[in-house]
Amino acid sequence: MQEDKEQVFDAAESLELAIAAMTGMVRDMTIRTDRMKAAAGSGYSTATDLADWLVREAGLPFRDAHHVTGRAVALAESKSCDLAELPLEDLQDIHAAITADVFNVLTVEASVASRKSFGGTAPSEVRKQIAWWRGRN
């Protein structure tokens, strides 16, 4: 009758090992916010924010917003710059509905702050999780 529980015990042992490894790593790490911010902004990570803005503010269907965003990313790549560094005129050449307001969402800070759902990256959500986990001790 114990054979059916072997996978549970294996999973528990693996989880215990992973928690110990993560605890040691976090305890000894040095947080470099400058490097974290640079990494968070690399790779056109705000492209989703551009697509969301196009849906919300310009009224585009997501499939069209996705296409417009892809063109903007390709242009930024060709110019070796971030989306937020593209001139407004270049963005408007891709789609006329883009306004200067788009630059309000094309920052790492705005991107992080916009994720307000449960478990999201918004500072308010992070603080909720910290409070919840501290309350469990």
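Here the structure is a predicted model, which is why all the values come from computation and not from measurement. (Residues numbered from 1 in each chain as written. Predicted model: local features only at pLDDT ≥ 70, side-chain atom pairs only at ≥ 80, totals over all residues. Heavy atoms only, no water.)

A. Structural view of the overall build of the protein chain. Each helix and strand counted, the protein chain has 7 helices and 0 strands in total. Across the protein chain, helices and strands are ordered from the amino to the carboxyl terminus as α-α-α-α-α-α-α. Here the C-alpha atoms of the protein chain give a radius of gyration of 21 Å, more than 25% beyond the 14 Å that 2.2 N^0.38 yields for 137 residues. In terms of overall dimensions, the protein chain has a C-alpha envelope of 65 × 40 × 30 Å along the principal axes. Each of the 137 residues in the protein chain was classed as buried or not, and the buried ones make up 23%. In the protein chain, of all internal contacts separated by at least 6 residues, the share reaching a separation of at least 24 is 38%. (Helix = DSSP H or I, 4+ residues; strand = E, 2+ residues; numbered from the N terminus. Rg over C-alpha atoms; globule rule 2.2 N^0.38 Å. Buried < 20%, exposed > 50% of the residue type's maximum accessible area, 1.4 Å probe, protein only. Contact = heavy atoms within 4.5 Å.)

B. Quick peek at the side chain of Thr-69. Tracing the chain through its elements places Thr-69 in helix H4 (residues 62–78). Those residues in contact with Thr-69 that sit more than four places away from it in its chain are Ala-47, Leu-50, Ala-51 and Leu-54.

C. Summary view of the pattern of salt bridges. Inspection of every chain in the model, using the stated rule, returns 6 salt bridges. One salt bridge connects Asp-49 with Arg-115, and the closest N-O pair in it is separated by 2.8 Å. Of the two residues, Asp-49 sits in helix H3 (residues 47–58) while Arg-115 sits in the loop between helix H6 (108–114) and helix H7 (123–135), which places them 66 residues apart along the sequence. (Salt bridge = Lys/Arg side-chain N within 4 Å of Asp/Glu carboxyl O.)

D. Representation of H3 within the structure. Across its 12 residues, H3 extends 15 Å between first and last C-alpha, which sits within 8% of the 16 Å expected from 1.5 Å per residue. Buried residues of H3: Ala-47, Asp-49, Leu-50, Ala-51, Trp-53 and Leu-54, and no others. Positive phi shows up at Gly-59, right after H3, with a value of about 75 degrees. (Expected span 1.5 Å × (residues − 1).)

E. Spotlight on a negative patch on the surface. On the surface, a cluster of negative charge is made up of Glu-3, Glu-6, Asp-10, Glu-13 and Glu-16. Inspection of the secondary structure assignment puts Glu-13 in helix H1 (residues 6–28). The exposure class of Glu-13 is exposed, given its relative accessible area of 54%. (Patch = residues over 30% accessible without salt bridge, like charges linked within 9 Å, V, L, I, M, F, W, Y side chains within 5 Å. Areas by Shrake-Rupley, 256 points an atom, 1.4 Å probe, with all protein chains shown as cover. Lys, Arg positive; Asp, Glu negative; His and termini not counted. Charge placed at Lys NZ, Arg CZ, Asp CG, Glu CD.)

F. Local environment of unusual backbone geometry. Located in the positive-phi region is Tyr-44, a residue other than glycine, with phi close to 60 degrees. Relative to the assigned elements, Tyr-44 resides in the loop between helix H2 (33–40) and H3. In this structure, Ser-80 is a non-glycine residue whose phi angle is positive, near 55 degrees. Relative accessible area serves as the criterion here: at 68%, Ser-80 is assigned to the exposed category.

G. Structural view of the environment of Ala-96. Mapped onto the elements, Ala-96 comes out in the loop between helix H5 (88–94) and H6. Accessibility expressed as a relative area gives 67% for Ala-96, which makes it exposed. Placed 38 residues apart in sequence, Ala-96 and Ala-58 show a C-alpha to C-alpha distance of 9.4 Å.

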